[in-house]
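# Descriptive structure summary
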Amino acid sequence: MSWSPIVLGPGEGEKLLFKTGLMTFKASSAMTGDQFMIAETELPPGVSVPPHSHPEAEVFYILRGAFEFRVGDMEQPHVCTEGAIVCVPPHVIHAFQNRLDSSGKILGMMLPGGGSGLEGFFRQIGVPVRPGDQQPDMNQPADQLLQDIAQRRLSIT
């Protein structure tokens, strides 16, 4: 399937709030003919993503902050700061945590893309943040973010 060029400026893109952060799709699977997905994700202080694996390869580029990654060997932590990259092959277990007292930001890429995979999961559990909606404070604790998501879900129904 073919796709057209994509040009988005800072802050532009479809936004989705989910249990570990605010995701801004810079290139969704639908935009790339399911070839890949790229999203900028801002994560609150201390938030962690538990060990998991999936059939997509995943690439993380640290834009801001300090994250502890565990890839493959869950006993071997890697502290990654701005400019670091982490490449996770398909089906390899991995986990990460924001190690700072403020929000951090990651640029993530999944290959291949596809709405039935990990991107579909994000969309299923996430809540859209539409233009004009109040942006959540990503420096708040993760439990406050979960309360914000619950309130937004109630306002959608």
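It should be noted that the structure appears before, not after, this text.
Computed from a prediction, not measured in an experiment: that's the story for all the values here. (Residues numbered from 1 in each chain as written. Predicted model: local features only at pLDDT ≥ 70, side-chain atom pairs only at ≥ 80, totals over all residues. Heavy atoms only, no water.)

### Observations regarding the overall build of the chain
Assigned secondary structure in the chain consists of 2 helices and 11 strands. Put simply, the chain runs from its N terminus to its C terminus through helices and strands in the order β-β-β-β-β-β-β-β-β-β-α-β-α. Relative to the 2.2 N^0.38 estimate, which gives 15 Å for 157 residues, the radius of gyration of the chain is 15 Å and therefore close to what a compact globule would have. With the C-alpha coordinates of the chain rotated into their principal frame, the extents come out at 40 × 40 × 25 Å. When the 157 residues of the chain are sorted by exposure, 43% land in the buried category. Across the chain, the fraction of contacts at a sequence separation of at least 24, relative to all contacts at a separation of at least 6, is 66%. Accessible surface computed for the chain: about 8400 Å², of which carbon and sulfur atoms make up 56%. Across the chain, the 11 positively charged side chains and the 17 negatively charged ones have centroids separated by 4 Å. (Helix = DSSP H or I, 4+ residues; strand = E, 2+ residues; numbered from the N terminus. Rg over C-alpha atoms; globule rule 2.2 N^0.38 Å. Buried < 20%, exposed > 50% of the residue type's maximum accessible area, 1.4 Å probe, protein only. Contact = heavy atoms within 4.5 Å. Areas by Shrake-Rupley, 256 points an atom, 1.4 Å probe, with all protein chains shown as cover. Lys, Arg positive; Asp, Glu negative; His and termini not counted. Charge placed at Lys NZ, Arg CZ, Asp CG, Glu CD.)

### Some remarks on the environment of A84
Within the secondary structure layout, A84 lies in the loop between β7 (77-81) and β8 (85-88). Each C-alpha atom of the pair A84 and G13 lies 23 Å from the other, and the pair is 71 residues apart in sequence. Residues in contact with A84, not counting those within four places in the same chain, are F60, Y61 and I62.

### With respect to the nonpolar core
Ranked by size, the top nonpolar core spans 13 residues in total, and within it F60, I62, F67, F69, F96 and I106 carry the most contacts. Only β5 (57-64), β6 (66-71) and β8 provide two or more residues apiece to this core. If sequence neighbours within four positions are ignored, I106 has contacts with A39, E40, T41, L43, F60, Y61, I62, L63, F67, F69 and F96. In terms of nonpolar packing, the next biggest core, distinct from the first, is built from 9 residues, F18, F25, L118 and F122 among them. (Core = buried A, V, L, I, M, F, W, Y, C linked by side-chain atoms within 4.5 Å.)

### Describing the environment of K26
With respect to the helices and strands, the residue K26 is situated in strand β2 (residues 21-27). When its relative accessible area of 16% is taken as the criterion, K26 is described as buried. Residues K26 and V129, spaced 103 residues apart in sequence, show a C-alpha to C-alpha distance of 14 Å. Within the structure, the side chain of K26 is placed 3.0 Å from the backbone oxygen of G9, a separation counted as a polar contact. Within polar-contact distance, the side chain of K26 engages the backbone oxygen of E12 at 2.6 Å. (Polar contact = N/O pair within 3.5 Å; in protein donor to acceptor, adjacent residues only side chain to side chain.)

### Overview of the packing of aromatic side chains
Under the definition given, this model contains 6 aromatic pairs. Residues W3 and F36 carry aromatic rings whose centres are separated by 5.3 Å and whose planes lie at 85° to one another, so their mutual orientation is edge-to-face. Here F36 lies in the loop between β2 and β3 (37-43) and W3 lies in the segment before β1 (14-18), a separation of 33 residues in the sequence. Measuring from centroid to centroid gives 6.2 Å for F121 and F122, while their planes differ by 50°, and the two rings are tilted. Judged by relative accessible area, F121 falls into the partly exposed class, the value being 37%. Since its relative accessible area comes to 12%, F122 is described here as buried. (Phe/Tyr/Trp six-rings, centres within 6.5 Å; stacked < 30°, edge-to-face > 60°.)

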